[in-house]
Amino acid sequence: GKGYRLLKSCQPRDNGIGRKAIELAMAQISPPAGSPHGFDHHNPTAYQLGFKSIVAFPLKFVLDGLLSDQADDDAIPRHEGVLYIGFQKDHPFAGIEEKAESFARRASETIQQVLIYKHYQERNRQLSTLHYITKALADVSDENALLKRITWDGMNILAADVVTLYEYQQADNKFKLDPIIAGRTRVKDFATTISNDAQIPAWLVQQDDNVYLTSIEFNPRFSSSFFAKQENIMSVAGIQLRVGEEIVGVMF
């Protein structure tokens, strides 16, 4: 119970021992050896939960370069990790460091394997989802209902919150003005928003492939989108809708 409360109430701090352990690539102890202050001074919240000291071990992931032959969007995002070990009694640290570092190495290897597995699993899921969307549309005979069906089926199959579909005329390099929107939207009048974000669909049709962003935070194009801000969009998939080599629309 105390360990769970520690996680909930003592989030890692930018200037804490976890960050220092990562930067120095070595274990850090709180309170540090020789400190004139006790643990109650260094981490009063953890102290109130009954802890007397905490050791932070950096977790090392060797992910850089594993996917160097792929595009940046396909690369596994950079990860950092820390193993925190808390003590509720005064404890001599002599002898535990070697065992703890061995455990930290095993934890790092396990987490790294999970990250790689999840990365490829997600890429395969994205590709297979496009196939399922196409199959789901095979029985649609009403031409006027087709685009709405694509949009709503896309939302359901992808488990998305909002799907926006733009029709595109490649010969004229033009989009139809009113996109089709499906999902739980916060804002009902999108006229101004859509016009402000008009450059994003135009950018997508110029790309060689679809775009998948687990987080839009570090992508200026999408993080500055009016629609993304209004709807609190965190992740986005930009999908080109093709008939042969011709792009007939884009779906976000």
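As shown above, the structure is provided for reference.
Definitions and limits used
- Residues numbered from 1 in each chain as written.
- Predicted model: local features only at pLDDT ≥ 70, side-chain atom pairs only at ≥ 80, totals over all residues.
- Heavy atoms only, no water.
- Salt bridge = Lys/Arg side-chain N within 4 Å of Asp/Glu carboxyl O.
- Helix = DSSP H or I, 4+ residues; strand = E, 2+ residues; numbered from the N terminus.
- Buried < 20%, exposed > 50% of the residue type's maximum accessible area, 1.4 Å probe, protein only.
- Core = buried A, V, L, I, M, F, W, Y, C linked by side-chain atoms within 4.5 Å.
- Contact = heavy atoms within 4.5 Å.
- Phe/Tyr/Trp six-rings, centres within 6.5 Å; stacked < 30°, edge-to-face > 60°.

Chemist: So what about the pattern of salt bridges? Which residues, and what values?
Modeler: In the structure shown here, the tally under the stated rule is 2 salt bridges. Arg19 serves as the salt-bridge partner of Glu80, at 3.1 Å between the closest nitrogen and oxygen. Taken together, the residues span a long stretch of sequence, with Glu80 in the loop between β2 (53-59) and β3 (81-87) and Arg19 in helix α2 (residues 17-24) at a distance of 61 residues. Residue class for Glu80 comes out partly exposed when judged on its relative accessible area of 36%. Residues Lys176 and Glu167 are paired through a salt bridge, measuring 3.5 Å at the closest nitrogen-oxygen approach. Looking at Lys176, the relative accessible area reads 42%, which means it is partly exposed.

Chemist: Can you lay out the nonpolar core for me, pointing to particular residues and giving the numbers?
Modeler: Core analysis: the biggest nonpolar cluster contains 14 residues, and Phe222, Val236, Val250 and Phe252 have the highest contact counts within it. Excluding residues within four positions of it along the chain, Phe222 makes contact with Ile200, Trp203, Leu213, Ile216, Ala228, Val236 and Phe252.

Chemist: Pulling in residues and values, what's your account of the packing of aromatic side chains?
Modeler: Under the criterion given, the structure shown has 5 aromatic pairs. Ring geometry for Tyr166 versus Phe175: centroids 6.1 Å apart, planes at 80°, classification edge-to-face. Using a relative accessible area of 9% as the deciding quantity, one classes Tyr166 as buried. Where Trp203 meets Phe222, the ring centres are 5.9 Å apart and the plane angle is 80°; that geometry is what we call edge-to-face. Highlighted residues: Trp203 in helix α8 (residues 199-204) and Phe222 in helix α9 (residues 220-223), separated in sequence by 19 residues. The rings of Tyr166, Tyr168, Phe175, Trp203, Phe222 and Phe252 are connected pair by pair, giving a single aromatic cluster.

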